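Next come the chains, spelled out residue by residue.
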Amino acid sequence: MARKIRSGDDVLRVIPPPGAPAILPKEGEDNILITSALPYCNNVPHLGNIIGSTLSADVFSRYNRTRNRTTLYICGTDEYGTATETQALKERITPRELCDKYYPLHKETYEWFDIGFDYFGRTSTPLHTEISQSIFSNLGKNGFLARQEKEQTYCEGCPKFLADRYVEGICPHCGYEDARGDQCDGCSRTLDAIELIKPRCLVDKSHVVTTKMSAHMYVKLDAIQPRTEEWIKHSWKVGKWSPNAVINAEGIIIDPRLRGGLIPAPLTRDLTWGVPIPPQYETEEHGMKGKVLYVWFDAPIGYPSITANYTPEWRQWWFNPKNVRLYQFMGKDNVYFHTVYFPSILLADGRDWTKLHHLSTTEYLNYEGGKFSKSKNRGVFGPAAKETGIPASVWRYYLLSTRPETSDAMFSWADCIAANNNVLLNNFGNFVNRALKFVASQYDSVIPDGGDEAGPLSPNDEHDAEFISTVNGLLRDYIDAMEAVKLRLGLQTVMLISMRGNNYLQSSGLNKALMASNPRRCAQVVSRAVNLIYVLSALVYPFMPATSDSILEQLNAPARVVPEVFSADILPGHTIGKPEHLFKKIEESKVEELQRRFAGEEDKKEIETDPTKATPGAKGKKGAKKAPAQPTVDPNVPKTPEILALEAKISEQGQVVRGLKGQTPKTPELEAQIKDAVDVLKRLKGELETLLQA
Ligand SMILES: [Zn+2]
Ligand SMILES: [Zn+2]
């Protein structure tokens, strides 16, 4: 098959796909380092974890590859800590065995979702120990460590100090009988295990539990605070952070811990499963023999240590702030650790670390009117996603189109299946298939000569000036959204572009009659539609890589970059591949089946006794409110691109307003911001009304 594709840096993709061997940053270029929060290794991931960080980070990593930027995406399992020890105890295996059991489950799940890490490692490695210990030692050398003696719960029977999770007792505040060592489920207060009344050892309730003094190393966060704040105020601006729990939209630090003044934080614990304290601290004088480093200290060090397991040249990424921009993806509960705690540690370490450039956080994804619950088996957990028969691309599309960017989102089977049938199949898939089938059947698969020059299409075009300028406007919107890590808006824009393509085929009257009456114009329409499909292959790649691959195969074209403007890159005489449908219809009857299957133990019983509960729309037992419907796109309703673009903006602005309203405390600054955001929303809605009436 003859290939005639315009070549050049502005067309073809040269950066390798994820997983290629040792990618290293290039001096003087824009190098992108991406991390996703490290999942705990004591459980399988659920969809909330996936959308919260690993999938979102994957989209951003792939997007940067479509801009030909050297990109490295690192993740892995966070293996140390009491959570692992406790779960291992429950499963009657060692912590190491537990991690060896769950690590592959994580890896397989992410692979199935097409999440392309360059390297998916683990924290229980010798290099992790080495790097964690070196940072700890530097904190000591630089005078940021302090030794404190602390009273701790001790079990005479075990015999050892009991970590918070090994001890239960009566809450001193509310009298709740089964308060845990770190928190009371009765009154939600955080506790120190020594406060518990009548403490019990969870290993064996007959053991006698007392308290004993134990020495620990603390990091003097208070001594680092001025430098941390200076760093936050600088990075917030440079990295264009969204307002979050630590700093608001005006650049005012709002984290209560920083406002009240940081206090020294413990760095060591009396556990066995963890990074051992550096040997020089195990002397008589320090009294730290057998202690391990706190998991909150060692977990974020997993980012560089996992990179070190990927390449011995890891320092080129992690000690290179001049040439590397670090993007970190996480759930909202992790913001403090990535913006305050870990940067403080790196500042105190004293070396020239690559520190956070931009953070992207998500709110929570809930499930069918309630919450995901592993204990009740409610919702979809890791490996089960593939058993639904819904392809990974569709999963990715649906999760990303509901990405909880500024407020919580709700997973719903009905919405998921509607997204496949209404958006992917009827809009996106239809455009690609209609154009390519026409080329195959009417032109014997060879692109006809539409008279366009290779390269950017003229904005003063005789027939299609409006079409070309709309596509260019949407391309700019797409790039702006993706650069700002507004992934959902980026995805909405892709769908607007394919919808514009559908409208174009419709309004140009592409059919056999046009071919007979005006062959030149017909050839032009076909060539422009095929070139728009080629652009779409790059735009959709971050979100649905398998769909992008399939388009490229059907086009018989190599992977390309995201262009700045719409151009003719597939040239006359090029032979395309065989057109195939990108998506298949999913029957709506599947909604009920899937709701039933993933309802979890409690709701399942309810469905058995009350069959109406399983019908679409009848949500979980709490009767929680239905998720706001996603802006699904119906190609049968004639909407101009302006209307569609405005609708996307309104939806985005609505998210901004809801996000701001969800913030506390309600300061006068926040109230003013909310008012401004509502005003913008009202103005956009007014514009839409005017357009709809026109
Ligand atoms: Zn005990
Ligand atoms: Zn309590």
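Coordinates for the structure precede this section.
Being a predicted model, the structure only gives us computed values, none of them experimental.

The helix and strand inventory of the chain stands at 21 helices and 18 strands. At 28 Å, the chain has a C-alpha radius of gyration in line with the 26 Å of a compact globule built from 694 residues. C-alpha extents for the chain along the principal axes are approximately 95 × 65 × 50 Å. Here the analysis covers contacts within the chain between residues at least 6 apart in sequence; of these, 77% occur between residues at least 24 apart. Mean positive and mean negative side-chain charge positions of the chain (83 and 85 charges, respectively) differ by 2 Å.

This paragraph deals with the nonpolar core. Judged by nonpolar contacts, the single largest core of 172 residues is most densely connected at Leu47, Phe297, Trp395, Trp413, Phe428 and Phe543. Ranked by residue count, the leading element in this core is helix 16 (residues 519–540), at 14 residues. Apart from residues lying up to four places away in sequence, Phe428 is in contact with Val423, Val494, Met495, Ser498, Leu536, Val540, Thr547, Ile551, Leu582 and Phe583.

With that settled, the discussion passes to helix 13 (residues 465–483). With 19 residues, helix 13 should cover 27 Å at 1.5 Å per step; its first-to-last C-alpha distance of 27 Å lies within 8% of that length. Among the residues making up helix 13, those that are buried are Phe467, Ile468, Thr470, Val471, Asn472, Gly473, Leu474, Leu475, Tyr478, Ile479, Ala481 and Met482.

Our focus in this paragraph is unusual backbone geometry. A cis amide bond links Cys158 to the next residue, Pro159, at an omega of -20°. Among the secondary structure elements, Pro159 is positioned in the loop between strand 4 (145–155) and strand 5 (160–161). One non-glycine residue, Asp444, lies in positive phi territory at about 55°. One can find Asp444 in the loop between helix 12 (413–442) and strand 17 (455–456). Accessibility expressed as a relative area gives 64% for Asp444, which makes it exposed. Of note, Val485 is a non-glycine position whose phi angle comes to about 60°, a positive value.

Our next topic: the coordination of the zinc ion (ligand 1). Around the zinc ion (ligand 1), the protein supplies Cys155 (SG), Cys158 (SG), Cys201 (SG) and His207 (ND1) as donor atoms, at distances of 2.1 to 2.4 Å. Relative to the metal, the 4 donor atoms surrounding the zinc ion (ligand 1) lie at angles of 98 to 117°, and the coordination shape comes out tetrahedral. Taken in sequence order, the residues that donate to the zinc ion (ligand 1) follow the motif C-x2-C-x42-C-x5-H. Taken together, the residues Cys158 in the loop between strand 4 and strand 5 and Cys201 in strand 8 (residues 197–201) connect sequence positions 43 residues apart. What makes Cys158 partly exposed here is its relative accessible area of 28%.

As defined by bridge partners, strand 4 adjoins strand 9 (residues 209–219) across 11 bridges and the pair is classed as antiparallel. Paired with Ala146 across the strands is Tyr218, a residue of strand 9. Here 2 bridges tie strand 4 to strand 5, and the two strands are oriented antiparallel to one another. Residue pairing for strand 5: Tyr154 is matched across the bridge by Phe161. Here strand 4 folds back onto strand 5 in antiparallel fashion, the turn holding 4 residues.

At 2.3 to 2.4 Å from the zinc ion (ligand 2) lie its protein donor atoms, namely Cys171 (SG), Cys174 (SG), Cys184 (SG) and Cys187 (SG). Considering all 4 donor atoms around the zinc ion (ligand 2), the spread of angles at the metal, 106 to 114°, places the coordination shape in the tetrahedral class. Positions of the donor residues of the zinc ion (ligand 2) along the chain correspond to the pattern C-x2-C-x9-C-x2-C. Residue Cys171 is located in the loop between strand 6 (167–170) and strand 7 (179–180), and its partner Cys184 is located in the loop between strand 7 and strand 8; the two are separated by 13 residues in the primary sequence. Looking at Cys184, the relative accessible area reads 0%, which means it is buried.

Looking now at the sheet that holds strand 13 (residues 324–331). For sheets, the rule is that strands pair by backbone hydrogen bonds, running either parallel or antiparallel. Read from one edge of the open sheet, 5 strands run 3-2-1-13-14, paired in parallel fashion. Each edge of the sheet is formed by a strand with only one pairing partner; in this case those strands are strand 3 (119–122) and strand 14 (356–362). Taken over all neighbouring pairs, the strand axes of this sheet differ in orientation by 20° on average, direction set aside. The pairing of strand 1 (residues 31–36) with strand 2 (residues 71–77) spans 4 bridges and is classified as parallel. For Leu33, the partnering residue across the bridge sits in strand 2 and is Leu72. Taken strand by strand, helix 8 (residues 302–310) contacts strand 1, strand 2, strand 3 and strand 13, and its axis lies near 110° from that of strand 2.

A few words on the packing of helix 12 against helix 14 (residues 487–507). Taken N-terminus to C-terminus, the directions of helix 12 and helix 14 make an angle of 50°; their axes are 9 Å apart at the nearest point. With respect to their mutual orientation, helix 12 and helix 14 come out oblique. Every pair of crossing elements has a handedness; the one defined by helix 12 and helix 14 is left-handed. When helix 12 is examined against helix 14, the residues Val423, Leu424, Asn426, Asn427, Phe428, Asn430, Phe431, Arg434 and Ala435 are found in contact with a partner set consisting of Val494, Met495, Ser498, Met499, Gly501, Asn502, Leu505 and Gln506. Of the residues that constitute the contact of helix 12 with helix 14, the class distribution is 9 nonpolar, 7 polar and 1 charged.

Applying the stated criterion across every chain, the model contains 34 salt bridges. Close ionic contact of Arg180 with Asp185 constitutes a salt bridge, the shortest N to O distance being 3.1 Å. Look at Arg180 and you get partly exposed, because its relative accessible area is 30%. Judged by relative accessible area, Asp185 falls into the partly exposed class, the value being 45%.

With that out of the way, let us pick up the environment of Ile447. With respect to the secondary-structure elements, Ile447 resides in the loop between helix 12 and strand 17. Taking the C-alpha atoms as reference points, Ile447 and Leu436, 11 residues apart in sequence, are found 9.8 Å from one another. Residue contacts for Ile447: discarding those within four places in its chain leaves Val439, Ser527, Val530, Ile570, Leu571, Pro572, Gly573, His574 and Ile576.

What counts and what doesn't
- Residues numbered from 1 in each chain as written.
- Chains lettered and ligands numbered in written order.
- Predicted model: local features only at pLDDT ≥ 70, side-chain atom pairs only at ≥ 80, totals over all residues.
- Heavy atoms only, no water.
- Helix = DSSP H or I, 4+ residues; strand = E, 2+ residues; numbered from the N terminus.
- Rg over C-alpha atoms; globule rule 2.2 N^0.38 Å.
- Contact = heavy atoms within 4.5 Å.
- Lys, Arg positive; Asp, Glu negative; His and termini not counted.
- Charge placed at Lys NZ, Arg CZ, Asp CG, Glu CD.
- Core = buried A, V, L, I, M, F, W, Y, C linked by side-chain atoms within 4.5 Å.
- Buried < 20%, exposed > 50% of the residue type's maximum accessible area, 1.4 Å probe, protein only.
- Expected span 1.5 Å × (residues − 1).
- Donors = N, O, S within 2.8 Å, 3.2 Å for Na, K, Ca; no water.
- Tetrahedral: all angles 85-135°; square planar, octahedral: opposite > 155°, others 65-115°.
- Pairing = 2+ DSSP bridges.
- Axes fitted to C-alpha atoms, helices over the stretch in contact; angles between N-to-C directions.
- Parallel < 35°, antiparallel > 145°, perpendicular 65-115°, else oblique.
- Left-handed = near helix turned anticlockwise from the far one by under 90°.
- Nonpolar A, V, L, I, M, F, W, Y, C, P; charged D, E, K, R; others polar.
- Salt bridge = Lys/Arg side-chain N within 4 Å of Asp/Glu carboxyl O.

Remember, this is a structural readout, not a statement about activity or role.
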